[in-house]
Amino acid sequence: MTVTEPVPTSAPLPPLAARARSIGGSPVRDILAVTARPEVINFAGGLPAPELFDQEGVAAAFRDVLAETPGRALQYSTTEGEPGLRAALAERTAVRGLATDADDILITTGSQQALSLLATALVEPGDTVLVENPCYLAALQVFGFAGARVVAVPGDEEGLDPEALEELVVRERPKLLYTVPTFQNPTGRTLPAERRAAVACVAARRGLWIVEDDPYGELRFEGERVPWIASYEQARDRVVLLGSFSKVMAPGLRLGWLRAPGELRRACVVAKQAADLHTATVNQLAATRYLADRDLDAHVERVAGVYRERRDAMLGGLPQALPAGSTWTRPEGGMFLWARLPSSYDTTELLEKVVRHDVAYVPGAPFYAGEADRSTLRLCFVTQTPGEIGEGLRRLGEGLRG
């Protein structure tokens, strides 16, 4: 007679970390998954137009690097980044008005990683972080994972209000301010120079780190370039400037960087060692070769010209697509504009109905750190042609009216 051994009872596994349980995924990514059907005209994404990538130039840079220095390209590299790329970025930054050495720069796996490294280096659970209102969605995720208390700075059509910022700094004693001052995601607005100077003064006077994220600044269609906050003398020792090749070269390279004062930069190097050791060597060397052999500025100028046409197509179609009483931004560059419908509209509730018309947008509510304006929405204008934009806005109007 065979005796069957009792099956042991499985003990429950330890739970996920509290931060993993409390922070949700990206609504933008969720929308992209729902709207992946080719017939959908998708204004929800934040993707650059793939037909404008310099495929030939990037491919040539990779071929040359792999043919000439394969051992180096396929090997481990330093955490700080390839010296040639850091030197090239320092030169580009200096030409734009901010004296920079290669040693000031840390190469990151996209500027999103730079933001995560800064949160690791600066933010303790319970620390207060100030953000714009509304704010770049992935920044809210990063600070949420870090356990920060995120507080929105009041502002208006031109961006955050420096006086309101100072009041919050005095009252809340925050660790840092995060801002995208040029062609902001999600609104497309640009903070004027006088407000940038005032923000720098607040940081100097009150003791505040500023994280200045600039992924879109080179995509200017019109108007004059506005200096970085980092270029103002009052706050140079407390501003971290983030940059990226994602919007001007190719997002698939996952190449970003941060320019930071020495002690903070060194802390980010240690954080990066723990995260991924270093950014992909071959990608760094290919980008370095591209900068040496090609005219990136001329390429960006061509891309910006196309994006300007697409922005104009969207601006031209919005009066017919959106309900009476709506307002929207007119960005001088970048990839996004922001619309506000009459207060009776809830763009989150409306999205499912609108998607049935084969068009999509991002509801504005997830971009708010505090109370959300549920009548708002973000539209990306760079991925579709002017004709597709016109058709997409026609469908959007039908969906909103339906």
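Structure shown above.
So, here is what we can say about the structure in this document. The residue count restarts for each chain, going from 1 along the sequence in the order it is written. Under the rules for a predicted model, residues below a pLDDT of 70 receive no local features and side-chain atom pairs below 80 are neither given nor counted, while totals for whole chains, interfaces and linings still include all residues. Neither water nor hydrogens contribute to the side-chain values; these are computed over all heavy atoms in the structure.

1. Considerations on the overall build of the chain
- A tally of helices and strands in the chain yields 14 helices and 15 strands.
- Our radius of gyration looks at C-alpha atoms and nothing else; its globule reference is 2.2 Å times the residue count to the power 0.38. By the compact-globule yardstick of 21 Å for 402 residues, the chain fits well, its C-alpha radius of gyration being 23 Å.
- Referenced to the eigenvectors of the C-alpha coordinate spread, the extents of the chain come out at roughly 85 × 60 × 55 Å.
- Under the scheme applied here, a residue whose accessible area is under 20% of the maximum for its type counts as buried, over 50% as exposed, and between as partly exposed, the area being computed with a 1.4 Å probe on protein chains only. Residues classed as buried in the chain amount to 53% of the 402 residues present.
- Summarising the internal contacts of the chain: among those between residues at least 6 apart in sequence, 75% fall at separations of at least 24. Segments assigned H or I by DSSP are reported as helices when at least four residues long, segments assigned E as strands when at least two residues long, and all are numbered from the N terminus. Contacts are assigned to residue pairs with any non-hydrogen atoms lying within 4.5 Å of each other.

2. Some details on the layout of surface pockets
- With a 1 Å grid spanning the protein atoms alone, the term cavity applies to any set of points in which a 1.4 Å probe fits but cannot get out, the term pocket to an open set with protein on both sides within 12 Å along at least five of seven lines, and the term lining residue to any residue with an atom within 4 Å of a point. Grid points are joined across faces, edges and corners, and a volume is the space filled by probe spheres set on the points. In this structure, the second largest pocket encloses a volume near 550 Å³.
- Of all elements in the fold, only helix 5 (83–95), strand 9 (239–244), strand 10 (256–259) and helix 12 (296–321) reach the threshold of two or more residues within the lining of the second largest pocket.
- The element best represented in the lining of the second largest pocket is helix 12, accounting for five residues.
- Gly is put with the polar residues, along with every residue not named as nonpolar or charged; the nonpolar set is Ala, Val, Leu, Ile, Met, Phe, Trp, Tyr, Cys and Pro, and the charged set is Asp, Glu, Lys and Arg. In the lining of the second largest pocket, the residues fall into 13 nonpolar, five polar and ten charged.

3. So, the packing of aromatic side chains
- The criterion for an aromatic pair is that two Phe, Tyr or Trp rings (for Trp, the six-membered ring) have centres within 6.5 Å, with stacked assigned to planes under 30 degrees apart, edge-to-face to planes over 60 apart and tilted to the rest. Within this structure, the stated rule accounts for six aromatic pairs.
- Between Phe221 and Phe381, the aromatic rings sit 6.2 Å apart at their centres with planes inclined by 70 degrees, giving edge-to-face as the arrangement. One end of the pair, Phe221, is in the loop between strand 8 (209–213) and strand 9; the other, Phe381, is in the loop between strand 15 (376–380) and helix 14 (386–401), and 160 residues separate them in sequence.
- Residue classification places Phe381 among the buried residues on the basis of a relative accessible area of 0%.
- Ring centres of Trp338 and Tyr368 lie 6.3 Å apart, and the angle between their planes is 50 degrees; this geometry places the pair in the tilted category. Residue Trp338 is located in strand 12 (residues 336–340), and its partner Tyr368 is located in the loop between strand 14 (362–363) and strand 15; the two are separated by 30 residues in the primary sequence. For the pair Trp338 and Tyr368, one class covers both residues: buried.
- Three or more aromatic residues joined by ring pairs make a cluster, and in this case those are Trp338, Phe367 and Tyr368.

4. Digging into the pairing of strand 2 (residues 105–108)
- Alternating positions in strand 2 separate into two faces, Ile105 and Ile107 on one and Leu106 and Thr108 on the other, with burial throughout.
- Strands were regarded as paired on the criterion that DSSP finds at least two bridges between them. Judged from the four bridges that link them, strand 2 and strand 10 form a sheet pairing that is antiparallel. Note on strand 10: the bridge partner recorded for Ile105 is Arg259.

5. Let's talk about empty space enclosed by the protein
- Here the structure, examined in full by the defined rule, presents two cavities of 30 Å³ or more.
- Counted as a void, the largest cavity has a volume near 70 Å³.
- Surrounding the largest cavity, Pro48, Ala49, Leu52, Phe53, Leu219, Lys247, Val248, Met249, His299, Val300, Val303 and Tyr307 form its lining.
- Taken together, the residues that form the lining of the largest cavity break down as ten nonpolar, one polar and one charged.
- Estimated volume of the second largest cavity: approximately 30 Å³.
- Surrounding the second largest cavity, Val58, Ala61, Phe62, Met249, Leu253, Asn283, Ala286, Ala287 and Tyr290 form its lining.
- Elements supplying a minimum of two residues to the lining of the second largest cavity: helix 3 (55–68) and helix 11 (281–293).
- With four residues, helix 11 is the single largest residue contributor to the lining of the second largest cavity.
- Looking at the lining of the second largest cavity, its residues break down into eight nonpolar, one polar and no charged.

6. Notes on the sheet that holds strand 10
- Taking strand neighbours across the sheet as the criterion, the seven strands line up as 2-10-9-8-7-3-4 in an open arrangement whose pairing is mixed. Sheet topology places strand 2 and strand 4 (149–152) at the edges, where each strand pairs with a single neighbour. Looking at each pair of strands side by side, their axes are set apart by 20 degrees on average, direction ignored.
- Both strand 7 (residues 176–179) and strand 8 contribute to a ladder of four bridges, which runs parallel. Following the sheet pairing, Leu177 is matched in strand 8 by Ile210.
- Where helix 5 meets the sheet, its contacts fall on strand 2 and strand 10, and the angle it forms with strand 2 comes to roughly 115 degrees. For helices, the fitted line uses only the C-alpha atoms of the stretch in contact; every axis is such a line through C-alpha atoms, and the angle between N-to-C directions lies from 0 to 180 degrees.

Read these as geometric descriptors, not functional statements.
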